[in-house]
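Here is what each chain is made of, one letter per residue.
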Amino acid sequence: MTTELVAEAKEPGGRSESTLKDHILEVLKPTQAQWDDWKWHFRNRFNTVEKLSKVLPLSDMQKKQLQLVSVKYPFSITPYYLSLVRENDPNDPILKQSVPVFEELLHADVGQDDPLEERVDSPVPGLVHRYPDRALLVITDICPLLCRHCTRKREWDGGNWWVRQKPQLELAFEYLRKTKAVRDVIISGGDPLTVDNDGLEWILQQLRDIPHLEMIRFGTRFPVVLPQRIDEGFTRICDKYGPVWLNTHFNHPNEVTPEAGRAVRELLRAGVPVNNQTVLLRGINDSVETQLKLSHALLRNRVRPYYLYHADDVRGTDHLRTPVETGIKIMEGMRGHTSGLGVPVFVVDVPGGGGKIPVLPNYVLSWTENELVLRNYEGLVFRYRNPRPALSGQNGASNGNGNGAHTQSVEKLMDAEPKPERIVLGATRGLSPRLKRRTLKN
Ligand code: SF4
């Protein structure tokens, strides 16, 4: 155990509470080189009650419940991610996302196994094709962290983990070659970055050989739960087969650590834009304050907050779901209170294959052909003229609503001499002398 590692341990998310990192270092005794190696973390994941209890104080009752829950819903936590947990805080947001609780079994009759019906939308195993121009390539069901809110929790049952082999993937590539409407493929899992760089390079090569595929994206939580995985080999292949985009999944500001920041910087250097998809989780990030902190931390690291998902209706996750209204209130509390770049789109991914539907606070109070009445973030109400195409002189034609006369007058104005001066002078009427000067100059 090095002093350097202990010092870093006290600052998850740039704060100063003490965390479990000291205990983890004492128990696992990694060298600095091991701590920096993602494969070491992967091999040393906390995935049994016995291992976990060495670093996390658990009562006998908690141990018993953990045993029971993990038969149906196993757990797996990387030493890095567990090291961010604050000591003596049962409500810690990292703890709640990673350590099972008995509620996962208590509400077993609530929710669905496959709410997004991904199996129905799979033309060949491993490929989900729901939207016409996009497809999801599922290459493994293994994840370094088994997030307690996971939509694919159904895949964990039985602990039968798999990585799709080349002959199976060939079927997916064959489908993509034939389906010219697809221009965007998201490589997903599980977590696709559990596959090593050679395996990923082969997949990227196959996809890049399909001429109509414009975009390749990775959907991965590695930058959050094991940022050491973003190594030189991975960024090199992203650069080589680019444009490659990466969507990741930060849920709480405590996850935005210096290590995560380094991973994002490496990706950006390789030309990989990084977007974030947060899941709204009860008791973890269901407040405006936390969401604002998260967005600001992401923007500081040049990650764009992209979606805020309402948590899917998945069996075994009901204790982490909020009412939809919570998400709408968060959107209301963010829009106008921070830069638009920091406001994700709140979406509900509806069961039955309906896809992502944005759900917004209502800013349009009334809407007619000629005018909208709008409310701003402070609740102030404004009228806004709704331009009609013919009034703007589009195509110089009448719109059939009696606006042809106006269009004609625009045409006459354009024919008149001298054209530019008359229009410029008219446009400056009513402006302040300073603005008038500037307009005339331009
Ligand atoms: S990383 Fe994604 S797929 Fe993996 S367990 Fe977490 S939510 Fe599920």
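Above this text you will find the structure in question.
About the cut-offs
Along each chain, residues carry numbers from 1 onward, in the same order as the chain's sequence is written. In keeping with the predicted nature of the model, local features appear solely for residues at pLDDT of at least 70, side-chain atom pairs appear and are counted solely at 80 or more, and the whole-chain, interface and lining totals rest on all residues. For the purposes of this entry, the term helix denotes a DSSP run of H or I that reaches at least four residues, the term strand denotes a run of E that reaches at least two, and both are numbered from the N terminus. Backbone-placed C-beta atoms define the burial measure: a residue is buried with 20 or more other C-beta atoms within 10 Å of its own, exposed with 12 or fewer, and partly exposed in between. By construction, the arc corresponds to the directions joining the helix axis to the C-beta atoms. Convention adopted: a line fitted to C-alpha atoms gives each axis, helices being fitted over their contacting stretch, and angles between N-to-C directions are expressed from 0 to 180 degrees. The cut-offs work like this: below 35 degrees is roughly parallel, past 145 is roughly antiparallel, 65 to 115 is roughly perpendicular, and the gaps in between are oblique. Should the near helix be turned counterclockwise from the far one by less than a right angle, the crossing is left-handed, whereas a clockwise turn marks it as right-handed. Once C-beta atoms are placed from the backbone, any two residues with those atoms within 7 Å are in contact. Gly is put with the polar residues, along with every residue not named as nonpolar or charged; the nonpolar set is Ala, Val, Leu, Ile, Met, Phe, Trp, Tyr, Cys and Pro, and the charged set is Asp, Glu, Lys and Arg. Any residue qualifies as near a molecule or strand once its backbone-derived C-beta atom lies within 6 Å of it. A strand pair is defined by DSSP finding two or more bridges across the two strands. As used throughout, a nonpolar core is a set of buried Ala, Val, Leu, Ile, Met, Phe, Trp, Tyr and Cys residues joined through C-beta atoms within 7 Å of each other. Here the bounds of each domain stem from an automatic or database domain assignment.

Visitor: How should the overall build of the protein chain be read in this particular structure?
Guide: Helix and strand content of the protein chain: 19 helices and 12 strands. Buried positions account for 33% of the 442 residues belonging to the protein chain.

Visitor: What is the right way to look at helix 16 (residues 324–334) in this model?
Guide: Helical geometry: 3.6 residues make up each α-helical turn, so side chains three or four residues apart lie on a common side. Every buried residue of helix 16 is listed here: G327, I330, M331 and M334. What you see down the axis of helix 16 is that its buried residues fit within an arc of 100 degrees, all on one side. G336, located one to two residues past helix 16, shows a positive phi value of around 90 degrees.

Visitor: I'm lost on the packing of helix 15 (residues 288–300) against helix 16 in this one. Help?
Guide: Packed helix pairs are characterised by how far apart their axes lie and by the angle those axes make with each other. Running from N to C, helix 15 and helix 16 cross one another at 60 degrees; their axes reach a closest spacing of 9 Å. Put simply, helix 15 runs oblique to helix 16. Seen from above, helix 15 lies across helix 16 with right-handed handedness. Listed contacts from helix 16 to V288, Q291 and L292 of helix 15 are I330, G333 and M334. Looking at the contact of helix 15 with helix 16 residue by residue, the class counts come to 4 nonpolar, 2 polar and no charged.

Visitor: Can you help me understand the site of the ligand in this one?
Guide: Close contacts around the ligand come from C143, L145, L146, C147, C150, R152, G189, G190, D191 and R221, and that covers them all. Partitioned by chemical class, the residues of the shell around the ligand number 5 nonpolar, 2 polar and 3 charged.

Visitor: Sorry, what's going on with the pairing of strand 2 (residues 134–138) here?
Guide: Within a regular strand, side chains alternate between the sheet's two faces. The buried fraction of strand 2 amounts to 4 of the 5 residues, a majority that puts the element mostly inside the structure. Looking at chain direction, strand 1 (residues 127–128) and strand 2 are connected through 2 bridges and run antiparallel. For L127, the partnering residue across the bridge sits in strand 2 and is L137. Taking the residues that link successive antiparallel strands as the turn, the strand 1-strand 2 hairpin has 5 residues. In terms of strand pairing, strand 2 meets strand 3 (residues 184–188) through 5 bridges, oriented parallel. Within the sheet, the bridge partner assigned to V138 lies in strand 3 and is S188.

Visitor: Where do I start with unusual backbone geometry in this structure?
Guide: Omega for the bond connecting G189 with G190 falls within 30 degrees of zero, at 20 degrees, which places this linkage in the cis form. Looking at the element boundaries, G190 is found in the loop between strand 3 and helix 11 (197–208). Residue P243 follows G242 across a cis peptide bond; omega there is 5 degrees. Mapped onto the fold, P243 is located in the loop between helix 13 (232–240) and strand 5 (244–248). Its identity as a non-glycine residue notwithstanding, N88 has a phi of 55 degrees, on the positive side. Structurally, N88 is set in the loop between helix 7 (79–82) and helix 8 (93–98). Take N88: there are 8 C-beta atoms within 10 Å of it, and that puts it in the exposed class.

Visitor: Mind showing me how you'd approach the sheet that holds strand 11 (residues 371–375) here?
Guide: Working definition: the strands of a sheet are paired by backbone hydrogen bonds and lie parallel or antiparallel to each other. What the 3 strands build is an open sheet, ordered 10-11-12; its pairing is antiparallel. Here the strands that pair on one side only, and so sit at the sheet edges, are strand 10 (364–367) and strand 12 (381–385). Neighbouring strand axes in the sheet, compared pairwise and without regard to direction, differ in orientation by 20 degrees on average. Judged from the 3 bridges that link them, strand 10 and strand 11 form a sheet pairing that is antiparallel. When the bridges of strand 11 are listed, W367 appears paired with L372.

Visitor: Can you help me understand the sheet that holds strand 6 (residues 274–280) in this one?
Guide: Reading across the sheet, the 9 strands line up as 1-2-3-4-5-6-7-8-9 and stay open at both edges, with mixed pairing between neighbours. Two strands in the sheet have a free side with no partner beyond their single neighbour: strand 1 and strand 9 (355–358).

Visitor: What am I meant to see in helix 13 here?
Guide: The complete set of buried residues in helix 13 reads F234, T235 and C238. Along the axis of helix 13, the buried positions cluster into a sector of 95 degrees, meaning they face one direction only. For helix 13, the secondary structure elements touched by its buried residues are helix 11, strand 5 and helix 14 (258–269).

Visitor: Explain the nonpolar core to me, please; I cannot follow it from the model alone.
Guide: One broad trend across soluble globular proteins is that nonpolar side chains are buried collectively. Counting residues in each nonpolar core, the largest one holds 65 residues, and the members touching the most others are Y81, L82, A135 and L137. Looking at which domains feed residues into this core, each of domain 1 (12–106) and domain 2 (127–358) supplies at least three. Setting aside its immediate chain neighbours within four residues, A135 contacts L127, V128, H129, L176, V182 and V185. Counting residues in hydrophobic clusters, the runner-up holds 12 residues, among them L320, I330, M331 and M334.

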